[in-house]
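Residue-level structural notes
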Amino acid sequence: MSESGRLRIAIQKSGRLSKESMKLLKSCGVKFNINEQRLIAHSDNMPIDLLRVRDDDIPGLVMDGVVDLGFIGENVLEEEQLERQQLDKPATCQKLRQLDFGACRLSLAVPTEFSYDSAASLEGLRIATSYPNLLRRYMQEKGISYRDCMLKGSVEVAPRAGLADGICDLVSTGATLEANGLYETEVIYRSTACLIQSEQEQTPAKQALIDKLLSRINSVTQARE
Ligand code: PRP
Ligand code: ZN
Ligand code: MG
């Protein structure tokens, strides 16, 4: 395979999905060494290049066909899809597998002193989030209007800082909410990691490699059950 014929896979550089994504690839027999300083890691034994990027960039890279495959949380994928639909940008990809790691939920949370009955308690209030599209879809379904406070990070400190009344953020263990005097009131989206493929037509050789990886992922995940 030529250099350009190498399969490109995007994985999270650091964060909750990165270790598990790399572990899965390794147990599928893909050998590679990570150099922390480098964006790209070449596999030693297969025509595969790993692109180590921010998780939020992964769906777009796949939908634009810059990379062939990506490991990503469904929450980030669906948020990006909703965003791109509004911008008339390519917003589709194939979901190849739902994976058995990266489970989390996107939830509404409010300060402990807030008396909360239902999502309607947030009517007219300001909600901080990094997932404005998933939040809007949920609130529209419920017919509740609210005000946005868009933050890419540190969402959990927004209420205490006086920036917002509540938040809509990812919860895994709940430790972040507790440490910030917040409690979870409503789960709006449940997510796990998944493997996605670009809609781009693949060469037969690349598609064969993708199929091989998929069948190995099947064996590995079945053995884990
Ligand atoms: C999420 C979320 C919280 C934390 C919650 O961030 O934004 O900071 O995890 O986890 P906990 O309930 O176990 O405390 P994430 O790790 O996804 O990183 P990111 O927001 O930088 O992408
Ligand atoms: Zn992120
Ligand atoms: Mg975070």
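The structure displayed is predicted, hence computed values, not measured ones. (Residues numbered from 1 in each chain as written. Chains lettered and ligands numbered in written order. Predicted model: local features only at pLDDT ≥ 70, side-chain atom pairs only at ≥ 80, totals over all residues.)

Moving on: the site of ligand 1. The environment of ligand 1 is formed by Gly-15, Arg-16, Asp-55, Gly-153, Asp-169, Leu-170, Val-171, Ser-172, Thr-173, Gly-174, Ala-175 and Thr-176. Among the elements of the structure, β9 (166-171) and α5 (175-179) are those that each provide at least two residues to the shell around ligand 1. Here the element with the most residues in the shell around ligand 1 is β9; it accounts for three residues. Inspection of the shell around ligand 1 shows a minimum of three residues originating in each of domain 1 (3-102 + 192-224) and domain 2 (104-191). (Near = placed C-beta within 6 Å. Helix = DSSP H or I, 4+ residues; strand = E, 2+ residues; numbered from the N terminus. Domains from an automatic or database assignment.)

Turning next to the domain arrangement of the protein chain. Segmentation of the protein chain into domains returns domain 1 (3-102 + 192-224) and domain 2 (104-191). Averaged C-alpha coordinates put domain 1 and domain 2 at centres separated by 29 Å. Domain 1 puts nine residues into the contact, and the matching count from domain 2 is nine residues. Per-element accounting of the side of domain 1 that touches domain 2 gives the leading share, six residues, to helix α3 (residues 74-87). The residue inventory of the side of domain 1 that touches domain 2, partitioned by class, reads one nonpolar, four polar and four charged. (Contact = placed C-beta atoms within 7 Å. Nonpolar A, V, L, I, M, F, W, Y, C, P; charged D, E, K, R; others polar.)

Glancing now at the pairing of strand β11 (residues 193-197). By the criterion of burial, β11 is predominantly enclosed, with four of the five residues buried. When strand β4 (residues 69-73) meets β11, the two strands line up antiparallel, connected through five bridges. Paired with Ile-72 across the bridge in β11 is Cys-194. In this sheet, β11 lies alongside strand β5 (residues 94-98) in antiparallel orientation, the contact comprising four bridges. By the bridge assignment for β11, Lys-95 is matched with Ile-196. (Buried ≥ 20, exposed ≤ 12 C-beta atoms within 10 Å, placed from the backbone. Pairing = 2+ DSSP bridges.)

This part takes up the sheet that holds strand β3 (residues 48-53). With respect to topology, six strands assemble into an open sheet ordered β2-β3-β1-β4-β11-β5, the strand pairing being mixed. Among the strands making up the open sheet, the edge pair consists of β2 (40-42) and β5. Adjacent strand axes in the sheet meet at a mean angle of 25 degrees when their direction is disregarded. Across the face of the sheet, α3 comes into contact with β4 and β11 while running at roughly 105 degrees to β4. (Axes fitted to C-alpha atoms, helices over the stretch in contact; angles between N-to-C directions.)

What follows is about the sheet that holds strand β8 (residues 147-150). Reading across from one edge, β8-β7-β9-β6-β10 is the order of the five strands in this open sheet, with mixed pairing throughout. Among the strands making up the open sheet, the edge pair consists of β8 and β10 (182-191). For this sheet the average axis-to-axis angle between neighbouring strands, irrespective of direction, equals 25 degrees. Of the strand pairs in this sheet, strand β7 (residues 126-129) and β8 are connected by four bridges, and their pairing is parallel. What sits directly across from Arg-126, in β8, is Arg-147.

Taking 1.5 Å of rise per residue, the 21 residues of helix α6 (residues 204-224) would be expected to cover 30 Å, and the 30 Å separating its terminal C-alpha atoms lies within 8% of that figure. Looking at α6, one finds that the buried residues are Lys-206, Leu-209 and Leu-213. Burial along α6 is one-sided: seen end-on, the buried residues are contained in an arc of 60 degrees. Opposite the buried face of α6, by more than 90 degrees, sit the exposed residues Pro-204, Ala-208, Asp-211, Ser-215, Asn-218, Ser-219 and Gln-222. (Expected span 1.5 Å × (residues − 1). Arc of directions from axis to C-beta.)

Over its 14 residues, α3 extends 20 Å from the first C-alpha to the last, a length consistent with the 20 Å expected when each residue adds 1.5 Å. Asp-88, located one to two residues past α3, shows a positive phi value of around 55 degrees.

Turning our eyes to something else, we now look at the pairing of strand β1 (residues 7-12). Extensive coverage of β1 is indicated by the burial of six of its six residues. With burial as the criterion, each face of β1 is covered, one bearing Leu-7, Ile-9 and Ile-11 and the other bearing Arg-8, Ala-10 and Gln-12. Here β1 runs beside β3; their pairing, made up of six bridges, is parallel. Within β3, the position partnered with Leu-7 by the bridge is Ile-48.

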